[in-house]
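Next come the chains, spelled out residue by residue.
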Amino acid sequence: MATSLICSASDLTSLLGSANLNTTLLADFLCSRFTSISSRFTETTYAIDNTYLLFSAYLVFAMQLGFAMLCAGSVRAKNTMNIMLTMKMVETESLLSCLQV
């Protein structure tokens, strides 16, 4: 889990030089910009993680279709419907278990 980054104006004032009003205002401005950029990174990371998760789930369900075709090709034509139904039931069970987590 990502940790939040903290910026304080007093930490930046010593780096910017003398502690006058302009330096304090500049430090406050930089900290506010730093905080907004940090929150954008957090939102972007969340979006990327969710996109990766959904794409991975799509690939798993696409592989399930491949397994169904493989099983259907290895049995007689009269048993194909039974294999497809079995694969559909397995897919439904895995989807329901994924949604429960």
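What counts and what doesn't
Residues numbered from 1 in each chain as written. Predicted model: local features only at pLDDT ≥ 70, side-chain atom pairs only at ≥ 80, totals over all residues. Heavy atoms only, no water. Helix = DSSP H or I, 4+ residues; strand = E, 2+ residues; numbered from the N terminus. Buried < 20%, exposed > 50% of the residue type's maximum accessible area, 1.4 Å probe, protein only. Contact = heavy atoms within 4.5 Å. Areas by Shrake-Rupley, 256 points an atom, 1.4 Å probe, with all protein chains shown as cover. 1 Å grid on protein atoms, 1.4 Å probe; cavity = no way out; pocket = protein on both sides within 12 Å on 5 of 7 lines; lining within 4 Å. Points joined across faces, edges and corners; volume = space filled by probe spheres on them. Nonpolar A, V, L, I, M, F, W, Y, C, P; charged D, E, K, R; others polar.

Draft legend 1. Main features of the overall build of the chain. Assigned secondary structure in the chain consists of 3 helices and 0 strands. The order of α-helices and β-strands along the chain, N terminus first, is α-α-α. Evaluated residue by residue, the chain yields a buried proportion of 11% over its 101 residues. When contacts within the chain are restricted to residue pairs at least 6 apart in sequence, long-range pairs at least 24 apart make up 28% of them. When the accessible surface of the chain is summed, it comes to about 8400 Å², and 69% of that surface belongs to carbon and sulfur atoms.

Draft legend 2. Fine view of the layout of surface pockets. What the second largest pocket holds in volume is close to 150 Å³. Contributing to the lining of the second largest pocket are L53, L54, A57, F61, L95, C98 and L99. Those elements that place two or more of their residues in the lining of the second largest pocket are α2 (21-73) and α3 (80-100). The leading source of residues in the lining of the second largest pocket is α2, at 4 residues. Partitioned by chemical class, the residues of the lining of the second largest pocket number 7 nonpolar, no polar and no charged.

Draft legend 3. Representation of the environment of K88 within the structure. Here K88 is to be found in helix α3. Spatially, the C-alpha atoms of K88 and A68 are 8.5 Å apart, while their sequence positions differ by 20 residues.

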